[in-house]
Structures are given as structure tokens and as C-alpha cells.
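Residues per chain, in single letters:
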Amino acid sequence: MGKGGDSSENKEEIVGSFGPSLGTRVESIHSCVHILADGHLCIGSESIGFRSIDLGNERTIVFALVDISSVDEIDSSDLCIKTRSGEDFIFGSFENRDDVVTALKEANKKALSTFSADGDKAPKQERKMLRRSISFPAISSRHLLEQGDGIDDSFDELLESMADMTLGIEQQKEVYAAEQRDEANTSQSKRTIQGGRRYSVEFFSRVLKSRAPKEIENAWAKLKIDKNVLCPDILIEGVEIPYSIDDFYETFLGNEAKYPREKFMVEKQKTENIESTKWHDTGDGFTLGRVYDYYNPNPAPMGPPMAQVKSEYTVQRYNSCGIQICCTTMVSGVPMSDCFVIENRTLLEQTTDDAITVRVDCGTRFLKRTMFQKLFEVTSRGGTKKAWLDYIEWIKSCS
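Residues numbered from 1 in each chain as written. Predicted model: local features only at pLDDT ≥ 70, side-chain atom pairs only at ≥ 80, totals over all residues. Heavy atoms only, no water.

Visitor: Let's hear about the overall build of the protein: which residues, and what values?
Guide: For the protein, the helix and strand inventory stands at 9 helices and 15 strands. When burial is assessed residue by residue, the protein has 46% of its 399 residues classed as buried. Counting contacts in the protein only where the partners sit at least 6 residues apart, residues at least 24 apart contribute 61% of the total. Accessible surface, the protein: about 20300 Å² in total, of which carbon and sulfur atoms supply 49%. (Helix = DSSP H or I, 4+ residues; strand = E, 2+ residues; numbered from the N terminus. Buried < 20%, exposed > 50% of the residue type's maximum accessible area, 1.4 Å probe, protein only. Contact = heavy atoms within 4.5 Å. Areas by Shrake-Rupley, 256 points an atom, 1.4 Å probe, with all protein chains shown as cover.)

See the structure below:
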């Protein structure tokens, strides 16, 4: 078995989760990330597979090597696998990305030569949803059109395509209602990991002691003027909140916060089934991270009444200058929601002794090409802006 496996997890267990679908042998296993899920990419003799365990639930993606049309490098540690059906799969955070790209190309080439010699039909693999189990029907990949594709098609075909996308919505709602009734009979507790009540406050206290005040001030000044490529659109700017940086962090952000974000989500956004981690060190000695899994009301005309959402937050404290909060959000179970993730960044800057100003930037990162890109961008910006304005008003009401 090739290099690249994770010693913290049993290789036989990883391979066994795919059954015989990878082929007669497994060439290599590589730790990586797909969307927001940590897992392993396995390269077999016939197929490749990605496996992750999210909140204790196993999820896999498998597709045949002969279905791969290209493998492209992205940045320094990511790659994109394109399939002949027009889908793009982005995997990142490889320690040995170049070796993985080479291994994928060689396996693809070998599989194509074997396929040509045998003359068999390329196998079709079922692709399972990542993250927690969900019963809603998946949208066919033929609807994941490239931007601009289908412009010359007839209007009737487009209407037919949209009709297909809405097929089964009533069934989805019935399934959701049934699942909610089942869950009502089972008590659920919030998931917590390392990080005690004072952990986040003590963490930033150590950070500030380890860096010169001038260094932190310069870093904050640069942060404000540098363009953030993930969040290019400024949604909110100059809105004032009557708190100091210290008071705001301890009141709303820390593990021991009096008014945590979960309280706002439940009271104002009608969020359900929230599961969250505590703040924990992301590994760079300067950034804390946490993850929320929850269900939010779905305002879209398509999909279930409650949409499954995963938000990954990071926070950085720049002494008394300000705080940077970044969030990556992915929605599941809503038609075509797997095409994109929403990125937003918030800068909280101390302007007076008892007031901070808020700036919110936003961006939509597309994982697959879609003819509805503009629609998703506008919807994401509007939703993010409304959520933050509501949050700001809620914060003011708590003072």
C-alpha cells in the first residue's frame, strides 16, 4: 500500500469502508479535506474514493478512474478532479499534493488502457452525501451546468429541467417531518471537545504576551487595507456597537460568553438541533476555531422546510485594535447547494473606549460550475447581510 496514509486511523478500516468498489488493490491513501470534511482519498486499481467521519457518521464518495477527464493542481496543496459528466471535486490540504496528482494521473491512464482493451462499459458509482445522513432526493448531475451552457437550448427544455429539480419536494417535506418526529423522541446533547470555560480568553492572553504591541498594530493595519480574495464584497461598514473589544469578546465570543451565538440563532433565526465545538487552537498559535452544525429555516421555494447547515468559524484577536472573525458556511439538502460555499469575514475595530465599529465582507466560492451562479451570489450576499444586521441589533438589545 502506498505512502500518504494517516497513522491515526486503521488503513484496513478505511479501505474496508469502500468494499470491492476500489478494485482488486489499493495503490495509496492520502489525508486531505473535501469542502469542510477531513478524511482520506484512496486510489484504487479501478476507482478512487473519499471517506470522512463527521460527527461519528461515515460518508463516502466513489467514482471510477475511467470517468476522470482531468486532474488539475490548485494553489500549493489542493487539486481538482474533473469527471466526464461535468462535475468538479476539489480536495485540499495534502502534505504531498504533487505526488497525489502524479499517482492519480498514472492510475487514470492505466485504467483507461485496461478499459480500452476490455471494451467494457465504464462502471457508474453511486455518490453518497458527505456530512450527516439525509433522506432528501439528490439532484441529477445533468442539472449542474457550466455557466453559459444551455443558452441556445429551447425555453421548454429549461422549464423541463427546472421541473425535474422540484420533483419530490412534497416527499422531502414528509420525510423531514417524519425525521423530526423520530428525533423528538430522542434526547440530544451538544457536542463539546477540548477547551474549558476560560480557554479562549487565556489563549489570547498568551498570544498578546508573545508578540510586541507594534507588531500586532502593524498586522491589524495591513489586514484592514489588504483585499480579501475570498470575501471581495463589503456588505456592512461603519456600524457602531457600544462595547469595548474586551467586553465584546467576553460577552459574545468566548467559551464562557453570557450571550453566545447559539442564543441568537435559536431566538432570532429559529435554528434547531445546534451542535457545536468549543473554541480550540487551530495549530498556528494565533487562531481559534470552532464548528457549528444545525438546521435553519429554508426560505427558498425548493427543498425541505429546514436546511442542514455547517459553519466553520475562526477568530483572531489583535490586542485592543480589533478582532477578525471568518466563517465558511455550507448548506446541504437544498437543490444545487453543493455547488458553492459562502465565505464571510467580520472586522471589529475599537474606535473609542466604549465603542467598536463593524465591517462585514462576503464572497461565494463555487465548487462546481453552474448556470445559476449569479443567482446564488445575490442570494448569498442578501442572506449574509440580513443575518449580520439582525445579529448587530440583537447585540445592541443585550447591552
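Continuing now.
Visitor: Residues and numbers for the pairing of strand β13 (residues 322–332), please.
Guide: Burial analysis of β13 places 9 of its 11 residues in the buried class, the great majority of the element. Across 11 bridges, strand β12 (residues 306–318) lies against β13 in antiparallel orientation. In the sheet register, Val-315 faces β13, and the bridge partner there is Ile-325. With antiparallel pairing between neighbouring strands as the criterion, β12 and β13 make up a hairpin whose turn holds 3 residues, including Asn-319 at a positive phi of roughly 50 degrees. Bridge count for β13 against strand β14 (residues 340–352) is 8 bridges, and the pairing is antiparallel. The partner of Thr-328 across the bridge, within β14, is Glu-343. (Pairing = 2+ DSSP bridges.)

Visitor: Break down unusual backbone geometry for me, citing the residues and quoting the values.
Guide: A positive phi angle, near 50 degrees, is found at Asp-75, a position not held by glycine. The residue Asp-75 is located in the loop between β5 (68–74) and β6 (78–83) in this model. The phi torsion at Ser-93 lies on the positive side, around 65 degrees, for a residue other than glycine. In this fold, Ser-93 is placed in the loop between β7 (88–92) and α2 (97–118). For Ser-93, a relative accessible area of 47% corresponds to the partly exposed category.

Visitor: Now, about helix α8 (residues 261–268): what can you tell me, with residues and values included?
Guide: Among the residues of α8, those classed as buried are Arg-261, Glu-262, Phe-264 and Met-265. Along α8, the residues classed as buried sweep out an arc of 160 degrees about the axis, all on the same side. Of the surrounding elements, those touching the buried residues of α8 are α7 (245–253), β9 (272–276), β11 (288–297), β12 and α9 (373–398). Phi turns positive, to about 60 degrees, at Lys-270, one or two residues after α8. (Arc of directions from axis to C-beta.)

Visitor: So what about the packing of α8 against α9? Which residues, and what values?
Guide: Axis separation between α8 and α9 bottoms out at 11 Å; the angle between their running directions is 110 degrees. Between α8 and α9, the angle is such that the two are roughly perpendicular. Side by side, α8 and α9 meet where Arg-261, Lys-263, Phe-264, Glu-267 and Lys-268 of the first sit next to Ala-387, Trp-388, Asp-390, Tyr-391 and Trp-394 of the second. Of the residues belonging to the contact of α8 with α9, the class tally is 5 nonpolar, no polar and 5 charged. (Axes fitted to C-alpha atoms, helices over the stretch in contact; angles between N-to-C directions. Parallel < 35°, antiparallel > 145°, perpendicular 65-115°, else oblique. Nonpolar A, V, L, I, M, F, W, Y, C, P; charged D, E, K, R; others polar.)

Visitor: Can you lay out the pattern of salt bridges for me, pointing to particular residues and giving the numbers?
Guide: Going through the model one piece at a time under the given rule, you end up with 17 salt bridges. Among the ionic pairs, Asp-390 bridges to Lys-386, the shortest N-O distance being 2.8 Å. Of this pair, Asp-390 and Lys-386 are both found in helix α9, 4 residues apart, which corresponds to roughly one turn of the helix. Of the residues examined, Lys-386 reaches a relative accessible area of 53% and is grouped as exposed. (Salt bridge = Lys/Arg side-chain N within 4 Å of Asp/Glu carboxyl O.)

Visitor: Tell me about the environment of Cys-80, residues and numbers included.
Guide: Mapped onto the elements of the fold, Cys-80 is located in strand β6. In the structure, Cys-80 is positioned 12 residues away from Gly-92 in sequence and 8.6 Å away in space, judged by C-alpha atoms. When residues no more than four places from it in sequence are discounted, the contact partners of Cys-80 are Ser-70, Val-71, Asp-72, Ile-74, Asp-88, Phe-89 and Ile-90.

Visitor: Describe the packing of aromatic side chains, and please don't skip the residues or the numbers.
Guide: All chains considered together, the criterion is met by 18 aromatic pairs. Ring geometry for Phe-63 and Phe-89: centres 4.9 Å apart, planes at 20 degrees, overall stacked. Of this pair, Phe-63 sits in strand β4 (residues 57–64) while Phe-89 is found in strand β7, placing the two residues 26 residues apart along the sequence. The buried category is assigned to Phe-63, whose relative accessible area is 8%. (Phe/Tyr/Trp six-rings, centres within 6.5 Å; stacked < 30°, edge-to-face > 60°.)

Visitor: Describe in detail the confidence of the model for the protein, supporting the description with residues and values.
Guide: Taken as a whole, the protein shows an average pLDDT of 76; of its residues, 72% reach a score of 70 or greater. Taken as a whole, residues 1–8 scores under 50 in pLDDT and shows 21 contacts with residues more than four places along the chain or in a different chain. Confidence over residues 118–155 falls short of pLDDT 50; this stretch has 85 contacts with residues more than four positions distant or in other chains. (pLDDT = per-residue confidence, 0-100.)

Visitor: Tell me what's going on with the environment of Met-265, and back it up with residues and numbers.
Guide: By the secondary structure assignment, Met-265 is in helix α8. Given a relative accessible area of 3%, Met-265 falls into the buried group. Sequence separation between Met-265 and Tyr-391 is 126 residues, and the spatial gap between their C-alpha atoms is 8.8 Å. Those residues within four positions of Met-265 in sequence are excluded, and the remaining contacts are Lys-270, Thr-271, Ile-274, Tyr-292 and Tyr-294.

Visitor: Explain the side chain of Lys-368 residue by residue, including any values.
Guide: Residue position: Lys-368 is located in the loop between β15 (355–366) and α9. By relative accessible area, Lys-368 is classed as buried at 7%. Among the polar contacts listed, one links the side chain of Lys-368 to the side chain of Asp-338, at a separation of 2.9 Å. (Polar contact = N/O pair within 3.5 Å; in protein donor to acceptor, adjacent residues only side chain to side chain.)

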